[in-house]
Amino acid sequence: MSQIINIVEPTLTSEAGHCFSFVSSLCQADKKTRFILWGNYLSSLTLPAKNVELKKHFFRKIRKIQSFFLYKKLLATQEKILISTAGRVDLAIFDWASKGVIPPNKVYFYFHWINESHKKIAQLKKLAIKQPNLVILGPTHSVVKVFQDAGFKYAHLVPYPVSAVILKNLAQVQSFSRVWFAGAARQDKGFGKVVDLIEYVDNLGLDIPFALQTSSDHFGKYDTETKADIARLKRLTYAHLQMYTDTLSVEAYSCLFTGAICIQPYRTADFADRVSGVTLDALSAGSPVVTSSGTWIARQVERFDAGIVVDTTSPEQLITAIKKVIAEYKYYSEKAVTAGQTLQDEHSANHLANVILANKI
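Not measured: the values here are computed from a predicted model.

### Side note on the overall build of the protein chain
Consideration 1: Of regular secondary structure, the protein chain possesses 15 helices and 13 strands.
Consideration 2: For the protein chain, the spread of C-alpha atoms along the three principal axes comes to 65 × 40 × 40 Å.
Consideration 3: Taken across its 361 residues, the protein chain has 53% of its residues classed as buried.
Consideration 4: Contacts in the protein chain between residues far apart in sequence, at least 24 positions, make up 72% of those at least 6 positions apart.
Consideration 5: On the protein chain, roughly 16,100 Å² of surface is accessible, and the fraction owed to carbon and sulfur atoms is 52%.
Consideration 6: Both charge centroids of the protein chain, one from 42 positive and one from 31 negative side chains, sit 10 Å from each other.

### Looking at the pattern of salt bridges
Consideration 1: Evaluation of the coordinates by the stated rule reveals 13 salt bridges.
Consideration 2: Between D188 and R186 there is a salt bridge whose closest N-O contact spans 2.8 Å.
Consideration 3: Overall, the relative accessible area of 14% leaves D188 in the buried class.
Consideration 4: R186 sits in the buried class, given a relative accessible area of 17%.
Consideration 5: In this structure, E346 and R303 form a salt bridge, with 2.5 Å as the shortest nitrogen-oxygen distance. Taken together, the residues E346 in helix α14 (residues 329–346) and R303 in helix α12 (residues 296–304) connect sequence positions 43 residues apart.
Consideration 6: Given a relative accessible area of 29%, E346 falls into the partly exposed group.
Consideration 7: The structure contains a network of salt bridges with shared partners spanning D196, E199, D229 and R232.

### A word on helix α15 (residues 349–358)
Consideration 1: Those residues of α15 that fall on the buried side of the exposure criterion are A349, L352, A353, V355, I356 and L357.
Consideration 2: Positive phi appears at N359, one or two residues downstream of α15, with a value of about 55 degrees.

### As for the sheet that holds strand β12 (residues 289–292)
Consideration 1: Taken in spatial order, the six strands make up an open sheet running β10-β9-β8-β11-β12-β13, and their pairing is parallel. Among the strands making up the open sheet, the edge pair consists of β10 (241–244) and β13 (307–310). The average angle at which neighbouring strand axes cross in this sheet is 20 degrees, direction not considered.
Consideration 2: Pairing of β12 with β13, which is carried by four bridges, proceeds in the parallel orientation. Paired with V289 across the strands is G307, a residue of β13.
Consideration 3: In the packing of helix α7 (residues 191–204) onto the sheet, the strands contacted are β8 (178–181), β9 (210–213), β10 and β11 (260–264), and the crossing angle to β9 comes to about 155 degrees.

### A word on the state of the cysteines
The term disulfide refers to a covalent linkage connecting the sulfur atoms of a pair of cysteines.
Consideration 1: Within this structure, the stated rule accounts for zero disulfides.
Consideration 2: The thiol sulfur of C262 is not disulfide-bonded, and the nearest other cysteine sulfur, from C255, lies at 15 Å.

### Concerning a positive patch on the surface
Consideration 1: On the surface, a cluster of positive charge is contributed by R60, K61, K221 and K227.
Consideration 2: Here K221 shows up in the loop between β9 and α8 (224–235).

### Some points on the packing of aromatic side chains
Consideration 1: For the coordinates displayed, the defined rule picks out 17 aromatic pairs.
Consideration 2: For the ring pair Y41 and F59, a centre distance of 4.0 Å and an interplane angle of 20 degrees mean the geometry is stacked. Here Y41 is found in the loop between β2 (34–40) and β3 (52–58), whereas its partner F59 is found in the loop between β3 and α2 (63–75), with 18 residues between them in sequence.
Consideration 3: Judged by its relative accessible area of 39%, F59 falls in the partly exposed class.
Consideration 4: Between Y331 and Y332, the ring centres sit 5.1 Å apart and the planes meet at 80 degrees, which makes this aromatic pair edge-to-face.
Consideration 5: Residue class for Y331 comes out partly exposed when judged on its relative accessible area of 35%.
Consideration 6: A relative accessible area of 5% places Y332 in the buried class.
Consideration 7: Through a chain of ring-to-ring contacts, the aromatic side chains of W180, Y244, Y253 and F257 assemble into a single cluster.
Consideration 8: One residue, R274, lies across the ring of W113, its end atom 4.0 Å from the ring centre.

### Some words on α2
Consideration 1: In a regular helix each residue adds 1.5 Å, so 13 residues correspond to 18 Å; α2 covers 18 Å between its end C-alpha atoms and thus fits that length.
Consideration 2: By the burial criterion, the buried members of α2 are Q66, S67, L70, Y71, L74 and L75. Projected down its long axis, α2 shows its buried positions confined to an angular sector of 155 degrees, all on one face. Away from its buried face, by an angle of more than 90 degrees, α2 presents the exposed residues I65, F69 and K73.
Consideration 3: Taken together, the buried residues of α2 touch β1 (4–8), β2, β3, β4 (80–83), α3 (88–97) and β5 (107–110).

About the thresholds
- Residues numbered from 1 in each chain as written.
- Predicted model: local features only at pLDDT ≥ 70, side-chain atom pairs only at ≥ 80, totals over all residues.
- Heavy atoms only, no water.
- Helix = DSSP H or I, 4+ residues; strand = E, 2+ residues; numbered from the N terminus.
- Buried < 20%, exposed > 50% of the residue type's maximum accessible area, 1.4 Å probe, protein only.
- Contact = heavy atoms within 4.5 Å.
- Areas by Shrake-Rupley, 256 points an atom, 1.4 Å probe, with all protein chains shown as cover.
- Lys, Arg positive; Asp, Glu negative; His and termini not counted.
- Charge placed at Lys NZ, Arg CZ, Asp CG, Glu CD.
- Salt bridge = Lys/Arg side-chain N within 4 Å of Asp/Glu carboxyl O.
- Pairing = 2+ DSSP bridges.
- Axes fitted to C-alpha atoms, helices over the stretch in contact; angles between N-to-C directions.
- Disulfide = S-S within 2.5 Å.
- Patch = residues over 30% accessible without salt bridge, like charges linked within 9 Å, V, L, I, M, F, W, Y side chains within 5 Å.
- Phe/Tyr/Trp six-rings, centres within 6.5 Å; stacked < 30°, edge-to-face > 60°.
- Lys NZ or Arg CZ within 6 Å of the ring centre and 35° of its normal.
- Expected span 1.5 Å × (residues − 1).
- Arc of directions from axis to C-beta.

Here's what the structure looks like:
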């Protein structure tokens, strides 16, 4: 009988975004395992493989309460549990839901990133003593070190899995087609800086094609600043702008990287050591990247010379970088293809699968 892995992702509603690509890549890494995917009750996604069962479970406003009862139920089974986008609260809820010490190789938490504070570290240290068998996984050394320093015995670096769908499309060097801002419209991802850039390009009278995703992260919510940026964007008369207001299908999203320059003017403070799924998608598709200095993204770009890193995200610096990549697009695209091939191996979902399915830590 094949083992069962429960993947808990309460905000998962569709194929859009990296919540889906994360779990999809894991599910496709081992076709013999049965996966039960606990998503949002509004989920409308297409299952990534025949070995996946979708449970439309979570309501947004009460998902923390639902988590307690679900975790309690799953702890009583012989099945494994993965919290694929874990937060510190998930650790506490599992402790409350358990009747004692959770056994080894039972519950896995993937922390994409974590904010540190003295209060949180103190809480983590208490949880590490009470629940020594919890397995903490993270994509970067800085994330993992927080948990190691707190006393978790099983805190390990496991690369963020690259999208399985992007991998199907072998990257090829293309001619330049567009400047592409992919992913949710958020301030930490520099959405406002991109609007500033397009406004600047419009005033200069340039004809560089731009494509932007303006969809929200989850549940159709935007912060006030992003709402204002979207309104400002809609008032522009730039003729070479294509906006994608609705969430894109996986295929449509993937195709927009073809011949593109992927622009990521992300906040350094938020992405200094935070992995970007968009970057992995872009390089896997052979799309050069223009990004902010001091970020994980910048280190990948510099490592392979697969784009340009800017010191500031001013329109002047961004357009200078974009023009340079356009002028030498074949060179930068070739470097992006090389980067993508290397990162596909380094970020293969097999690494995550081996930890959870085969207990290979």
